[in-house]
Amino acid sequence: MSDTRSSKGSETEQRLAYDFSEIEPKWQRFWEAEQVFKAPEKPKKDDKYYLLVMFAYPSGDIHMGHFRNYIYGDAIVRQKWMQGKEVLHPFGWDAFGLPAEQAAIKRGLHPAEWTMKNIGVSRDTLKKVGISFDWSREVTTCLPEYYRWSQWIFLKMYERGLAYRKDSLVNFCPTCNTVLANEQVEADGNCWRCGDRVVKKRLNQWFFKITEYADRLLQSLDELPGWPDRLKAMQRNWIGKSIGCEINFKLENSEIEIPVFTTRPDTIFGVTFMAIAPEAELLEKLDIPADRKEAVEQYIQKAIAKSEIERQAETDDKDGVFTGLYAINPFNGEKVQLWVADYVLASYGTGVVMAVPAHDQRDFVFAKKYGIPMKVVIKPEDGEAPNVAEMTEAYVEKGAMVNSGDFDGAVGQKAIEQVTDFAEQKGIGRRKVNFKLRDWLLSRQRYWGTPIPIIHCEKCGEVQVPYEQLPVELPMEGVDYIPKGRSPLADAEAWVNVACPKCGGPAKRDADTMDTFICSSWYMLRYVDNKNEQAPFDVEKANLWFPIDMYIGGITHATGHLIYFRFFTKFLHDLGMLEYDEPAERVFNHGMVMDSQGVTMSKSRGNVVSPIELIAERGVDVTRLAMYFAAPADREMPWTAEGLVGVERFLNKFYRLIEGAATAGGAIDIEKRFDSNSFSGEQKAVYIRLNQTIKKLTEDIENLQFNTAVAAIMEFLGNFDPAKIEDEEFSRIVTARVVQLIAPMAPHFAEEAWRMLGFEGSIFHSTWPAFDENAVQFDTVTVVVQINGKVRDQLEVDREISEEAIKELAFAREKVQKNIEGREVVKAIYVKGKLISLVVR
RNA sequence: GCGAACGUGGCGGAAUUGGUAUACGCGCUAGACUAAGGAUCUAGUGGUUGCAAAACCGUGAGGGUUCGAGUCCCUCCGUUCGCACCA
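Predicted, not measured: the structure shown is a model, and the values here were computed from it. Each chain has its residues counted from 1, running along the sequence as written. Naming scheme: in the order in which they are written, chains are lettered from A and ligands are numbered from 1. Reporting in this predicted model follows two pLDDT cut-offs: at least 70 for local features of residues, and 80 or more for side-chain atom pairs to be given and counted; totals over whole chains, interfaces and linings ignore these cut-offs and use all residues. Only hydrogens and water are set aside when side-chain values are computed; all heavy atoms of the structure are taken into account.

**Q** What am I meant to see in the overall build of chain A here?
**A** The secondary structure listing takes helices from DSSP runs of H or I that are at least 4 residues long and strands from runs of E that are at least 2 residues long, numbered from the N terminus. Scanning chain A from N- to C-terminus turns up 25 helices and 31 strands. The principal-axis extents of the C-alpha atoms in chain A amount to approximately 105 × 90 × 50 Å. Only protein chains enter the calculation, and the probe is 1.4 Å; a residue is then buried if its accessible area is under 20% of its type maximum, exposed if over 50%, and partly exposed in between. Residues classed as buried in chain A amount to 54% of the 841 residues present. Contacts are residue-level and defined by heavy atoms, with any inter-residue pair within 4.5 Å sufficient. Here the contacts in chain A between residues at least 6 apart in sequence split such that 73% fall between residues at least 24 apart. Separation between the mean location of the 104 positive side-chain charges and that of the 125 negative ones in chain A comes to 1 Å. Counting rule applied: Lys, Arg positive; Asp, Glu negative; His and chain ends not counted. We put the charge of a Lys on NZ, of an Arg on CZ, of an Asp on CG and of a Glu on CD.

Right under this line is the structure:
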């Protein structure tokens, strides 16, 4: 055995039996030089495997969370290579956006400089940790060769009316000086980046009409069995489909119509007031009586000034103000008060609700507070109608209609249909589907993003930049990009002033940039053809590689990126550029890395563990194995350095085993077939255990159950002692097989071992071991004997023993006799190969 | 409030889906080898009782179904995550 107590200095005694600091870089260089992980241009459709990990935001160096994410994908693709698949495993950088810009400004650097520097550092690190990315496919979204095609897709959307501008009340972060998408406002109403309070502002902004795809985005979820249920549930919730009815009320003494959306048209006769959102545009059309005007205006101003957070905190306490106006219920001609109330959302439905306090809890609370009457119009099907005076909460269940004229007696869903039919016949309403999903606000008044390829001409209006003029490059010089509340590009005179592509007259470029989530909505397609200068990607190549077989990333993107990239995919499918209209067959959300106390790692808490330091100290493979082993891949992982100890010991043992097998000399014929009938007892046991382990590893890696995969190898080697086996060749083949099994998870170690055992070429071009289906079970099994549910004895029997024979054996046992003595056996159940259950009385 | 997931030794976690609970690893205890051990090897390690054989208890709590429940059903308790006035 070699002396391993060398080099590393006095502090860090080397723990491994081999010098990882020499071995690991050596194999990394080998993989790069031999292009071991280079994806083919055009794979064979049936043999391709596209594994995507979410690309990185280059905000510094990679951290433990990235590392965890990437080693999971890495193990899978390494196994796929060995299983003969043609693999695409690319990586890139989500390089535009606010965080980079802010970080750069803070350091007095240009965002491009800061970003490219971080990309360089992170790429180096990823190479040092030996992740098997095909670097020739690298994509960087802030480079013109990439964002040119983001602009191209934008224009395609624009041409189809899916990208449009409108005045809109938008989320605006005063600190970041920009508008935000709904998805970028945290649940508490604060900005996702700076955490400060978001306010509403009416601005002219660009939107993607993602709502046009709402139904398809929802429906396809049912056809994605490989997506986690939790994720699909979150998306369904976010899209939020409601089927209902739009009913037109009329303003009293006026031709103004007040449409409302309701999912409960069967409660129409119970409407006792209407409520309109403070921000609703309809409000501007109303002629508020003079004596109410001041009160109403004050209320509106107060409500709009309130942040989302305040309004959401008030779900129990609703307030509003009476407008002095009345609306007419088209079903019964009743006159009801029209209120302004901030519990009504301007952005959902029509911004007005018909309030039915007896049957809606919110309306109930509001009516109670302001003494507005209530009217019961629904009763339990087999019960009495609730008494208004005694109600402490709204009766929201469906039931039978009462006090509803000709509709009395109609029940549940049928009642809803009848009322809706009536409304449609009379032309006072119509069926309507509403979604919670809103159109995607995509423009940003910031510098560091993809310029929007639109030109505003005084004469021609909005004109698209001709395709041949793409990309509209983001100017690197001459822009003061420090945020001032309006687009920095608007002040870049040399850039913004252009000739109109249509009339040649004076015009200005649109000075907004695109939300970064646009860059990440189609990057998975650029990877298939990242150097294409004619199109975003080649259609044939995309169809060969798509769909993504496995997409790994955090759940944090559930209702953002993971919806957007589905939207883009469907759009490109509609353009005829993709056969598939869903991007990914399987999605896997890995858990987060926590510190040893179970607290999220963060710079501000100072509990961050650096993967770079860790691998420098203990080696990549040890760190990887410790992470695979520490917790199931989809769960939070509390990181402790103790976890490294076990895998270090294990790798040392394994290394010694390989040294032994290597010194035995001679070439190994790893495909040699054995006649298991000629095996000695111990040899046969090893053979069966090996086959069990191969089966386990084959399945566990495919299913991302790495913790049990590592355990299975440990268990196998714990029971494997070549000294007990006479057939030296057999032992060496077994050793080589186990090296193959661990290769996806400890790749450097495995390459080294592979070479030591006399093989040539990369182990990842060797063939993943097949298991012998006939040799995964032992001939004898342990059958336990339960008496009244308690285990009393166990028998070692032939696997195929008959039920009669084993019962006879069982009853003959002393321990069994002792326990059934003097009692009657009323039942005897035999579960093959597992147990006998006796019931005695 | 709604939705989802989870709760197993001192710790991280296993359990072929209803069939020997605690695999694998950490830690701990004892022993071996040593000048030495923070190296390595061997054995042990859920709890209680017992010299032992063995018995009883045991997967958040309580109940149920079953020959048999960590696993299925019901009622609670707790933790985590997501959504949150969507009419």
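From this point, the discussion proceeds with the structure in view.
**Q** What am I meant to see in empty space enclosed by the protein here?
**A** Left-over empty space is what a probe sized like a water molecule reveals as it rolls over the atoms. Put plainly, a pocket is an open set of points on a 1 Å grid over the protein atoms alone with protein on both sides within 12 Å along at least five of seven lines, a cavity is a set where a 1.4 Å probe fits but cannot get out, and a lining residue has an atom within 4 Å of a point. Grid points are joined across faces, edges and corners, and a volume is the space filled by probe spheres set on the points. Overall, the coordinates contain three cavities of 30 Å³ or more when judged by the stated rule. Looking at the largest cavity, it is lined by 16 residues, and the ones nearest its centre are Gly97, Leu98, Arg444, Asp515 and Thr516. Elements represented by at least two residues in the lining of the largest cavity include exactly α3 (98–107), β6 (178–180) and β23 (513–514). Considering every element that reaches the lining of the largest cavity, the biggest residue donor is β6, with three residues. Here the lining of the largest cavity is composed, by residue class, of six nonpolar, six polar and four charged. Gly counts as polar in this scheme, as do all residues outside two lists: the nonpolar Ala, Val, Leu, Ile, Met, Phe, Trp, Tyr, Cys and Pro, and the charged Asp, Glu, Lys and Arg.

**Q** I'm lost on helix α18 (residues 620–630) in this one. Help?
**A** Each turn of an α-helix holds 3.6 residues, which means side chains three or four residues apart point in the same direction. Extensive coverage of α18 is indicated by the burial of nine of its eleven residues. Among the residues of α18, Val620, Asp621, Val622, Thr623, Arg624, Leu625, Ala626, Met627 and Tyr628 are the ones counted as buried.

**Q** I tried to follow the protein's contact with RNA strand B on my own but got confused; where do I start?
**A** Looking at RNA strand B, there are 47 residues lining it, with Ser242, Lys318, Arg362, Ala630 and Ser837 nearest. Those atoms of RNA strand B that come within 4 Å of the protein belong to sugar or phosphate at a rate of 62%. Contacts described as polar in this section are N or O atom pairs within 3.5 Å, which, within protein, must combine one atom able to donate a hydrogen with one able to accept it, while residues neighboring in sequence count only if both atoms come from side chains. Interatomic distance of 2.4 Å between a side-chain N/O atom of Lys318 and a base oxygen of RNA strand B. Within the side chain of Asn707, an N or O atom sits 2.8 Å from a phosphate oxygen of RNA strand B. Among the elements that make up the surface near RNA strand B, the one with the highest residue count is helix α21 (residues 706–718) (five residues). Residue composition of the surface near RNA strand B, grouped by class: 19 nonpolar, twelve polar and 16 charged. Nearness is defined per residue: one heavy atom within 4 Å of the molecule or strand is enough.

**Q** Quick question: what am I supposed to make of helix α4 (residues 111–128) here?
**A** In this model α4 runs 26 Å from its N-terminal to its C-terminal C-alpha over 18 residues, within 8% of the 26 Å that 1.5 Å per residue would give. Taken together, the buried positions of α4 are occupied by Pro111, Ala112, Trp114, Thr115, Asn118, Ile119, Ser122, Thr125 and Leu126. In a view along the axis of α4, the buried residues occupy a sector of 155°, so they form one face of it. On its buried face, α4 is in contact with α2 (64–82), β3 (92–93), α3, β4 (139–140) and α17 (611–618). By this rule, a helix spans an expected 1.5 Å times one less than how many residues it contains. To obtain the arc, one takes the directions from the helix axis to the C-beta atoms.

**Q** What exactly am I supposed to notice about the side chain of His89 here?
**A** Within the secondary structure, His89 is located in the loop between β2 (86–88) and β3. Here the side chain of His89 touches Ser132 through a polar contact of 3.1 Å, side chain to side chain. With sequence-adjacent residues up to four places away left out, His89 is seen in contact with Leu51, Gly73, Asp74, Val77, Ile131, Ser132, Phe133 and Asp134.

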